[in-house]
Amino acid sequence: SAVISQKPSRDICQRGTSLTIQCQVDSQVTMMFWYRQQPGQSLTLIATANQGSEATYESGFVIDKFPISRPNLTFSTLTVSNMSPEDSSIYLCSVDPSNTGELFFGEGSRLTVL
Amino acid sequence: AQSVTQLDSQVPVFEEAPVELRCNYSSSVSVYLFWYVQYPNQGLQLLLKYLSGSTLVESINGFEAEFNKSQTSFHLRKPSVHISDTAEYFCAVSLMNTGFQKLVFGTGTRLLVSP
């Protein structure tokens, strides 16, 4: 299993600003995954973060908008840059520590952009 | 690209009644299938999964799901629900050729169990 802590749990931000979300895992993992859940919609994978290499982004997501850091095997950050109201979502960090298909999720960071 | 459809956004049911939450997927390649649950004020957690083998999989709290390849479905069932089963349930798929961490989720079904 894995315990994931995300900060902040929620925030209200102004248009045009940036916010960095932190994800801390209680064990070392190779890959960390960032998902987004927009209001009334399903979760969508943003990118996969590997330690020591650049993140791999899914279609529709770019590094300039969602830069990711992965400085070690237990920590990652996701920045939402130049925010607009359309970025209002819950952002979730997840890991699969045993590589068995069981993803563990953080409780999410609820972002509201005014 | 693969996709997941959960037709029911909300399913109200009385305690001890049976329930089925529907999930259909589309994919041109073989898939892994998952059900995740999110209880009120908690994070997502895995309920059950199908990776290979028996097409009927069960969870520890009485839920089961059956992989039906011909109908591209993975419906979740429980013969008798409890109040504590009230939660949002998400069906998800991943492709065998990209690994099972890259999940595509459905929009979720909110199960509301009342006394």
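These numbers come from a predicted model, not from an experiment.

Enquirer: Sorry, what's going on with the state of the cysteines here?
Expert: Note on terminology: disulfide describes a covalent bond linking the sulfur atoms of two cysteines. Scanning the entire structure with this criterion turns up 2 disulfides over all chains. Put simply, Cys23 of chain A and Cys93 of chain A are joined by a disulfide, and their sulfur atoms are 1.9 Å apart. Taking the sign of the torsion about the S-S bond as the criterion, the disulfide between Cys23 of chain A and Cys93 of chain A, at about -70°, is left-handed. In this pair, Cys23 of chain A is assigned in strand S3 (residues 19-25) and Cys93 of chain A in strand S9 (residues 89-95), connecting sequence segments 70 residues apart. Both residues of the pair, Cys23 of chain A and Cys93 of chain A, count as buried. Covalently, Cys23 of chain B is tied to Cys91 of chain B through a disulfide, its sulfur atoms 1.9 Å apart. Judged by the torsion about the S-S bond (-65°), the Cys23 of chain B/Cys91 of chain B disulfide is left-handed.

Enquirer: Looking at this structure, I do not really get the interface of chain A and chain B. What am I missing?
Expert: Buried accessible area, meaning the area lost when the parts come together, often serves as the stated size of an interface. Listed by partner, the interface residues are 18 residues for chain A and 15 residues for chain B. Of the roughly 1,500 Å² buried where chain A meets chain B, counting both sides, 57% is carbon and sulfur surface. Contact with chain B buries area across many residues of chain A, yet Leu43, Gly101 and Phe105 of chain A alone supply 28% of it, more than any other trio. Remark: the boundary between chain A and chain B carries 1 salt bridge. Of the charged contacts, one joins Lys102 of chain B and Glu58 of chain A as a salt bridge, the two residues approaching to 3.3 Å between their closest N and O atoms. Our count for the chain A to chain B interface comes out at 4 residue pairs in polar contact (both at pLDDT 80 or more). Of all elements in the fold, only strand S4 (31-37) and strand S5 (43-50) of chain A reach the threshold of two or more residues within the side of chain A that touches chain B. With 4 residues, S4 of chain A is the single largest residue contributor to the side of chain A that touches chain B. Tallied by class, the residues present in the side of chain A that touches chain B amount to 7 nonpolar, 7 polar and 4 charged.

Enquirer: Would you mind showing me how to read the side chain of Arg70 of chain A here?
Expert: Residues and elements named next belong to chain A. Take Arg70: it is sitting in strand S7 (residues 68-72). A polar contact of 2.6 Å, which involves the side chain of Arg70, links it to the backbone oxygen of Val29. Within the structure, Arg70 has its side chain in polar contact with the backbone oxygen of Asn72 (distance 3.0 Å). Leaving out residues up to four positions away in the same chain, Arg70 has contacts with Val29, Thr30, Met31, Met32, Ala49, Asn50, Gln51, Gly52, Phe75 and Ser76.

Conventions and cut-offs
Residues numbered from 1 in each chain as written. Chains lettered and ligands numbered in written order. Predicted model: local features only at pLDDT ≥ 70, side-chain atom pairs only at ≥ 80, totals over all residues. Heavy atoms only, no water. Disulfide = S-S within 2.5 Å. Helix = DSSP H or I, 4+ residues; strand = E, 2+ residues; numbered from the N terminus. Buried < 20%, exposed > 50% of the residue type's maximum accessible area, 1.4 Å probe, protein only. Contact = heavy atoms within 4.5 Å. Buried area = accessible area lost by both parts, 1.4 Å probe. Salt bridge = Lys/Arg side-chain N within 4 Å of Asp/Glu carboxyl O. Polar contact = N/O pair within 3.5 Å; in protein donor to acceptor, adjacent residues only side chain to side chain. Nonpolar A, V, L, I, M, F, W, Y, C, P; charged D, E, K, R; others polar.

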